[in-house]
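# Fold and geometry: a report
Here is how the chains run, residue by residue.
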Amino acid sequence: PKSGADKHQDEAPSKTKLCVKAAKEHNIPKDLNKVLENKVMETVLDLYYVKLSVVEMMCSGDADSEGIVAKSVSSHSDLIPGVYEGGLKIWECTFDLLEYFSEAEIQFANKTVLDLGCGAGLLGIAALRGKAERVHFQDYNSTVIDEITLPNVVANCIKQGSRMGSGKGRKASKPPSKRPKKTEGSPDVLNKCRFFSGEWSQVSQLLLSSNKSFSKYDIILTSETIYNPDYYSALHDTLAQLLDKNGRVYLASKVHYFGVGGGIYLFEKFIEKKNVLRTSIVKTIDQGLQRCIMEIAFKDSS
């Protein structure tokens, strides 16, 4: 997305101001039909997700509070640093990680999970299907949480037509787009979820200083979040602050992001220098641009 990022260089705040988008928690509305109003769903890997073109149509102009939909469309960019960080789009490494969950038989049952930089929230939804005890979703943009993540989680959790906890089919399916059926009350699965927007360090601060009891995460899932080296320090500190001492991070990324400069080996070196966490590349995908899945844990963890 170099051209888009370059185009907005003058508009973007200076580097020191990039990382101060305040954190907030998004409450799940009591009327779930409101969440799915005007949404058209598609499915991939047996998961429901909001059709983006319909969201773009509904949020044309400045209909979303941040104006990111219009900015992304008008600049033909999936990335405007410090303004919009790509959460409207489902990036390919998300599917690599979903596939890895099956291959490596990652166990989510009774675990506390954070989907960091969640976008569509498919990783967290997979954890919910795997009977996770608690799943929290975070994205930089509040619009992404309201218009994409929350509707996706609700659509996958509602009783009617829901296949939560069943079916391991990995074949992508594209049935005709459909509006979700009316929902009846709040399903139990949604009670396991919390939703946050804002920059990583701000969200960490919100969680750690919260009046609500907070226990650290057994598993943190994150996909395509290491494209910009300017964000490595905030990401590293967030992982170090929020991960349980014996927890695991599963991170999916391209080996290199042309135009923005980040990538898997650069982040690996950054972590090595900090000397707090350890990394291992658990899978490499060679089709197209080379991609990797990295497992991260504390150096002294069991």
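Residues numbered from 1 in each chain as written. Predicted model: local features only at pLDDT ≥ 70, side-chain atom pairs only at ≥ 80, totals over all residues. Heavy atoms only, no water.

Under an unreviewed UniProt entry, the name given to the protein is protein-histidine N-methyltransferase, and the source organism is Atrichornis clamosus. According to the UniProt record, the Sequence similarities (unreviewed entry) comment for the protein is "Belongs to the methyltransferase superfamily. METTL18 family." (UniProt positions renumbered as here; feature names shortened; annotations may be inferred.)

### Considering the nonpolar core
Among the nonpolar cores identified, the biggest contains 51 residues, and Phe 101, Phe 108 and Val 153 are the most heavily contacted of them. Ranked by the residues each element gives to this core, the list is headed by helix α8 (residues 142-157), at 8 residues. With residues up to four places along the chain from it excluded, the contact list for Val 153 reads Ile 125, Leu 128, Phe 137, Leu 190, Cys 193 and Phe 195. Phe 196, Leu 242, Ile 264 and Phe 267 belong to the second largest nonpolar core, which has 30 residues in total. (Core = buried A, V, L, I, M, F, W, Y, C linked by side-chain atoms within 4.5 Å. Buried < 20%, exposed > 50% of the residue type's maximum accessible area, 1.4 Å probe, protein only. Helix = DSSP H or I, 4+ residues; strand = E, 2+ residues; numbered from the N terminus. Contact = heavy atoms within 4.5 Å.)

### Comments concerning the side chain of Thr 225
Considering the arrangement of structural elements, one finds Thr 225 in the loop between β7 (217-223) and α10 (232-242). At 2.8 Å, the side chain of Thr 225 and the side chain of Thr 222 are in polar contact. Every residue in contact with Thr 225, bar those within four places of it in the chain, is listed here: Leu 116, Gly 117, Trp 200 and Leu 235. (Polar contact = N/O pair within 3.5 Å; in protein donor to acceptor, adjacent residues only side chain to side chain.)

### What to know about the packing of helix α6 (residues 92-103) against helix α7 (residues 122-129)
Close contact between α6 and α7 brings their axes to 10 Å; oriented N to C, the two are set at 15 degrees. Judged by the angle between their axes, α6 and α7 are roughly parallel. Crossing handedness for the pair α6 and α7: right-handed. Note on element contacts: α7 touches α6 through Leu 122, Leu 123 and Ala 126, opposite Thr 94, Phe 95, Leu 97, Leu 98 and Phe 101. In the contact of α6 with α7, the residues fall into 7 nonpolar, 1 polar and no charged. (Axes fitted to C-alpha atoms, helices over the stretch in contact; angles between N-to-C directions. Parallel < 35°, antiparallel > 145°, perpendicular 65-115°, else oblique. Left-handed = near helix turned anticlockwise from the far one by under 90°. Nonpolar A, V, L, I, M, F, W, Y, C, P; charged D, E, K, R; others polar.)

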